[in-house]
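Listed here are the chains, written in short residue letters.
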Amino acid sequence: MKEKKFSIGEFFYNDRFVLVFSVFIAVIAWFIVSSINTQERPREISDVPVVVTLSDEATQEMNLRVFSQSVTSATVSLTGDSVAVRSIDPSELRVVAEQASSITQPTSAQLRLRLERPSQVLGDYEVQIDPEYVFVEVDYYQDATFQINTDGIKYKADDSYVVSEPSLSVNEVTISGPQKEIDRISRVCVEYEIDTPLISTQTFTTNLVLYDRYGNQLSKDNLTISDDEVEVTISVRSRQTLTLEPTFQNKPSGLNLNSGIVQVDPESIQIAGPEDVLSNLTTISLEPIDFAEVSPANNTFDVAISLPAGCSNISMIYEAQVTLDLDGFVAQQFTITGENFEVVNLAANKTSDVYTQSMVVTLVGPQAQIENIQPEDIVVEINMAGRETFTGHIEMPVQISVQNASSVWAYGEYLANVNIQEKVD
């Protein structure tokens, strides 16, 4: 039997061997190239954070802060041991400013940058950082509160409307930052211009503008503002002149007040309000005057002016004087006896006894009607409406009317004592 000779070349006719051998050669080649590459061509890692850290004493006791730095990231170039360089995780790297911890007062400084090396990476490698330095601005931290000035809002109003002063979503802001920049701020302003005359309420949002005492606009780059934007509302309402109309209660049915008896001062006022409200108004009704308080000796009243909701008094007059011309009217006292009293609206299951048997009342009216009044013409009503369940003695206000004298009224308030009991079957 002829012995078969071994040949390495035969392995290359085996597909599996060729695959494994190719992978092995590729790995060896990668290690060789990588070793040569990191020795001759640095590994560059970009966007490495640049950190400037002051000491605890500077930040906590002296209140110092880094308000600006020239760079916030750097590019790090690593050259040397291939295995060490390749094993570095970029996310674990950071560049720090040397001697930052020695700063103890406000300053502008140039600080050298240094790479904090990961302690778990073994091997020799060299580091280059681009840029090599960072420029920092350090100052005392300060905050201050400023009122917002609205003088920079420019607008025009149509003559038929009333425009209110601009109102802001916030009236003051707190600004924090470097002490030297905070100290320069003199005014915090809102600036906006509306070209066309205002005929409706306007709302807009705008940024704040900072000025020093010389009128120079200041940068906000290193500042933090609690509200850098504010909402501004300029309310616009219709303007209208309305007549003041007096109103009365307990007025005699026959008394005519349309013949110049009543004078109102002022006769009218200007008000502002929503257009849909004012379009339905021609007069403003004053608070009612009770005729029980009116007499020839007491005929002038200061009456409050009340406006519809959403309206304001442009005239700034909040009371009107109402005077009744009672020339020809007289006041006279009459004594009323028990037969003049009537209990009305008494519950069906109740009885009443009026204990007040005599009352002196003052009647006011035209002299001709007063002279013709007889005591029996005077009716005193005790109205029990709303007291249907009451039983016992009670003092009730009374309503006084005069028969055959429609322009006469009772001056003053009067009470009568009445006893209410259940009916006995």
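Residues numbered from 1 in each chain as written. Predicted model: local features only at pLDDT ≥ 70, side-chain atom pairs only at ≥ 80, totals over all residues. Heavy atoms only, no water.

A.B. asks: Please explain the sheet that holds strand β27 (residues 358-366) as it appears in this structure.
C.D. replies: In a beta sheet, neighbouring strands are held together by backbone hydrogen bonds and run either parallel or antiparallel to one another. Spatially, β24-β27-β30 is the arrangement adopted by the three strands of the open sheet, whose pairing is antiparallel. What marks the edges here is a single partner per strand, and that holds for β24 (329-337) and β30 (409-411). Taking each pair of neighbouring strands and ignoring which way they run, the sheet shows an average axis angle of 45°. Taken together, the three bridges between β27 and β30 define a ladder with antiparallel strand orientation. Paired with leucine 363 across the two strands is alanine 410, which belongs to β30. (Pairing = 2+ DSSP bridges. Helix = DSSP H or I, 4+ residues; strand = E, 2+ residues; numbered from the N terminus. Axes fitted to C-alpha atoms, helices over the stretch in contact; angles between N-to-C directions.)

A.B. asks: Just checking my understanding: could you explain unusual backbone geometry for this structure?
C.D. replies: Across residues other than glycine, the phi torsion is negative in most instances, and most of the peptide bonds are trans. Omega for the bond connecting aspartate 130 with proline 131 falls within 30 degrees of zero, at 5°, which places this linkage in the cis form. Structurally, proline 131 can be placed in the loop between β6 (125-130) and β7 (133-154). The step from aspartate 265 to proline 266 runs through a cis peptide bond, and the omega angle for that step is 0°. One can find proline 266 in the loop between β17 (262-265) and β18 (268-273). Phi is positive for aspartate 47, close to 60°, though the residue is something other than glycine. Taking relative accessible area as the criterion, aspartate 47 reaches 62% and is therefore assigned exposed. Of note, asparagine 250 is a non-glycine position whose phi angle comes to about 60°, a positive value. Looking at where asparagine 250 falls in the secondary structure, it is placed in the loop between β16 (248-249) and β17. (Buried < 20%, exposed > 50% of the residue type's maximum accessible area, 1.4 Å probe, protein only.)

A.B. asks: Help me understand the pairing of strand β23 (residues 319-324) in this model?
C.D. replies: Regular strands place their side chains on alternate faces of the sheet. Alternating positions in β23 separate cleanly, Ala320, Val322 and Leu324 being buried on one face and Glu319, Gln321 and Thr323 remaining unburied on the opposite face. Of the strand pairs in this sheet, β17 and β23 are connected by four bridges, and their pairing is antiparallel. For aspartate 265, the partnering residue across the bridge sits in β23 and is glutamine 321. Looking at chain direction, strand β21 (residues 300-304) and β23 are connected through five bridges and run antiparallel.

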